[in-house]
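Structural characterization, general
Listed below, chain by chain, are the residues.
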Amino acid sequence: MRLYLSKFLVVTLFAGFLSIHLSAQEGYVPTQENLDNREWFQDAKYGLFVHWGVYSIMGGGCDEGIAEWIMERKDIPIVQYEKLPGFFNPTQFDPAQWVSMVKKAGMKYITITSKHHDGFAMYDSKISDYNIVDATPYGKDVIGMLKEECDKQGVKLFFYHSQLDWHHPDYFPHGRTGNGIADRSQSGDFNAYIDYMNSQLSELLTQYGEIGGIWFDGMWDKPDANWRLGETYALIHKHQPGALIGSNHHKMPYPGEDFMMFERDLPGENSMGFNNTGISDAVPLEMCETMNGSWGFNIIDQNYKSVEKLIHTMVRAAGYGANFLLNTGPMPNGKIQPENVDTLMAIGHWLESYGETVYGTRKGPVKPQEWGATTIKDNVVYIHVLNYKGRAIEIQGIESDRLRSAVYFDDGSRADVKRNKDGITITIPKEKVKPIDTVIVLTLM
Ligand code: H79
């Protein structure tokens, strides 16, 4: 009986495994170029997330936390929402300024919304008129303009692309969201929608030269639908084998995915309640975060995180081996909010001095703790003390017999690091404690 049960269990589990995995790019073997890009990605560590769309005009509708979701949260009928593109005219959009800012901020890549859940294409789509070139008075392809500038200044560009679509008639049956939008179609061919999405992705992969990758979101709206992921991922990797695919589906990565992301959440901490997966050790990781509480532009949301808090999150993310993708929601005139620019410049200023302890590192020997985090580069371990309580810190898991030297990053002076049986003990005198991050450099043999 027990044997029978366990066999039954194995068969069931195996079938479950197959049904999930057969729907992704089964048997995917990344090219060398793709693997090299994964290394580049992990070295880069820090990027800018950009949520920009016709929803930006609404400025969040005077509700904190609403921005790119306003169509759904306010049940705006499609015919009414379709008026928004007519007002979208970002005459002050200056891609050179954006990219220069990104570089000064110490960021190495940009991930921008090519299409969010509202279904509006922020690029020159030939297969749908619901796009920035055909439907707005601005009439220019902001994505193309940004890409050109990114190429000039050596910044990689990724596209955020929503699989969920509240606008397209073939996105049917509907999922968990958008059910209050009264004039959504009441029938449709989901396969035709996937064909449409794949065609738009092909445009994005062929019209703009080499891109960094695709950042998917929205599959959680219909977790059990047949998304034909294998086809989509194969298509992307066919057009651009080096492009990195990630998806915000809140599950462990499926075959064909090249990185794993955590929304507003340090890997494994599940602060949002929906990232209750493990942490992949097969692909690079990335965490994304907002500067206030909104992704798209929100005119009343002043709930800004401090520069210190954001740097701490970046360093902790690095301690988990994860990139930090920090978001801004540009204004409808094309400018980045000045408050956000200030924050980015302050973090960039910190990185000018401390970048060496973050860029090009991997997760350190000890996972992030209340006191801080560790990163590693070759035989050098950076101990980032973010929260020093004035008491000695015991760190287990560092091979203290390999320890050759321990100095402060700031001035190279010797740090008080003692070996103990399980690791090391660090004591920091008051005058050595830095306001944001006290970094001690351990050189190992
Ligand atoms: O683009 C930004 C947001 O608009 C988008 N992702 C970031 C990067 C986003 N969409 N939703 N969320 C963020 C969080 C909302 C999750 C929920 Fe659900 C959707 C709560 C209920 C439906 C998924 C499904 C999580 C729980 C059930």
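Source: prediction; values computed, not measured. (Residues numbered from 1 in each chain as written. Predicted model: local features only at pLDDT ≥ 70, side-chain atom pairs only at ≥ 80, totals over all residues. Heavy atoms only, no water.)

**Quick word on the overall build of the chain**
Within the chain, the secondary structure is distributed over 11 helices and 16 strands. Taking 2.2 N^0.38 as the reference for a compact globule, 445 residues should give roughly 22 Å; the C-alpha atoms of the chain span a radius of gyration of 23 Å, in line with that estimate. Each principal axis of the C-alpha atoms in the chain carries an extent, and together these give about 70 × 70 × 40 Å. Within the chain, the proportion of its 445 residues that are buried is 56%. For the chain, long-range pairs separated by at least 24 residues make up 72% of all intrachain contacts whose partners lie at least 6 apart in sequence. (Helix = DSSP H or I, 4+ residues; strand = E, 2+ residues; numbered from the N terminus. Rg over C-alpha atoms; globule rule 2.2 N^0.38 Å. Buried < 20%, exposed > 50% of the residue type's maximum accessible area, 1.4 Å probe, protein only. Contact = heavy atoms within 4.5 Å.)

**So, the domain arrangement of the chain**
When the parts of a complex come together, some accessible area is lost, and that lost area is often taken as the interface size. Segmentation of the chain into domains returns domain 1 (7-361) and domain 2 (372-444). Domain 1 and domain 2 are separated by 36 Å when their C-alpha centres are compared. Residue-level contacts link 16 residues of domain 1 with 16 residues of domain 2. Buried area between domain 1 and domain 2, summed over both chains or domains, comes out near 1400 Å², and the portion from carbon and sulfur atoms is 63%. Sorting the residues of domain 1 by area buried against domain 2 places Arg316, Tyr354 and Thr357 first, and these three jointly supply 36% of that buried surface. The interface formed by domain 1 and domain 2 contains 0 salt bridges. There are 7 residue pairs in polar contact (both at pLDDT 80 or more) connecting domain 1 and domain 2. Every element with two or more residues in the side of domain 1 that touches domain 2 is listed here: α10 (307-319) and α11 (338-354). For the side of domain 1 that touches domain 2, the element with the highest residue contribution is α10, accounting for 7 residues. (Domains from an automatic or database assignment. Buried area = accessible area lost by both parts, 1.4 Å probe. Salt bridge = Lys/Arg side-chain N within 4 Å of Asp/Glu carboxyl O. Polar contact = N/O pair within 3.5 Å; in protein donor to acceptor, adjacent residues only side chain to side chain.)

**A few points about the state of the cysteines**
Under the defined criterion, the tally for this structure stands at 0 disulfides. In this structure Cys150 is a free cysteine whose sulfur lies 19 Å from that of Cys288, the closest cysteine sulfur available. (Disulfide = S-S within 2.5 Å.)

**Some remarks on the sheet that holds strand β8 (residues 322-328)**
One open sheet holds the 8 strands; their spatial order is β5-β4-β3-β2-β1-β8-β7-β6, and the pairing between them is parallel. Each edge of the open sheet carries a strand with a single partner, namely β5 (244-247) and β6 (260-263). Shown here is a sheet whose adjacent strand axes are inclined to one another by a mean of 25°, direction ignored. Pairing of strand β7 (residues 285-289) with β8 involves 5 bridges; the strand directions are parallel. Considered in β8, the bridge of Glu289 is made with Leu326. Of the strands in this sheet, β2 (109-115), β3 (156-162) and β4 (213-217) touch helix α8 (residues 190-206), which is tilted by about 170° from β3. The sheet contacts of α11 involve β1 (46-50) and β8, and relative to β1 the element is tilted by about 170°. (Pairing = 2+ DSSP bridges. Axes fitted to C-alpha atoms, helices over the stretch in contact; angles between N-to-C directions.)

**Observations regarding the site of the ligand**
In the vicinity of the ligand lie 15 residues, with His51, Glu68, His116, Arg176 and Asp217 positioned nearest. A distance of 3.0 Å is found between an oxygen atom of the ligand and a side-chain nitrogen or oxygen belonging to Trp69. At 2.8 Å, a side-chain N or O of His116 approaches an oxygen atom of the ligand. A per-class count over the shell around the ligand returns 7 nonpolar, 4 polar and 4 charged. (Near = heavy atom within 4 Å. Nonpolar A, V, L, I, M, F, W, Y, C, P; charged D, E, K, R; others polar.)

**Here's the deal with the side chain of Thr177**
Inspection of the secondary structure assignment puts Thr177 in the loop between β3 and α8. Here the side chain of Thr177 touches Trp166 through a polar contact of 3.0 Å, side chain to side chain. If sequence neighbours within four positions are ignored, Thr177 has contacts with Trp69, Glu72, Leu164, Trp166, Arg184, Trp220 and Asp221.

**As for the pattern of salt bridges**
Taken as a whole and judged by the stated rule, the model has 16 salt bridges. Asp258 is the partner of Arg38 in a salt bridge, and the nearest nitrogen-oxygen pair spans 2.7 Å. Of this pair, Arg38 sits in helix α2 (residues 32-44) while Asp258 sits in the loop between β5 and β6, and the two are 220 residues apart along the sequence. On the accessibility criterion, Arg38 (9% relative accessible area) is buried. By relative accessible area, which is 0% here, Asp258 ends up buried. Linked through salt bridges whose partners overlap, the residues forming this network are Glu39, Asp43 and Arg362.

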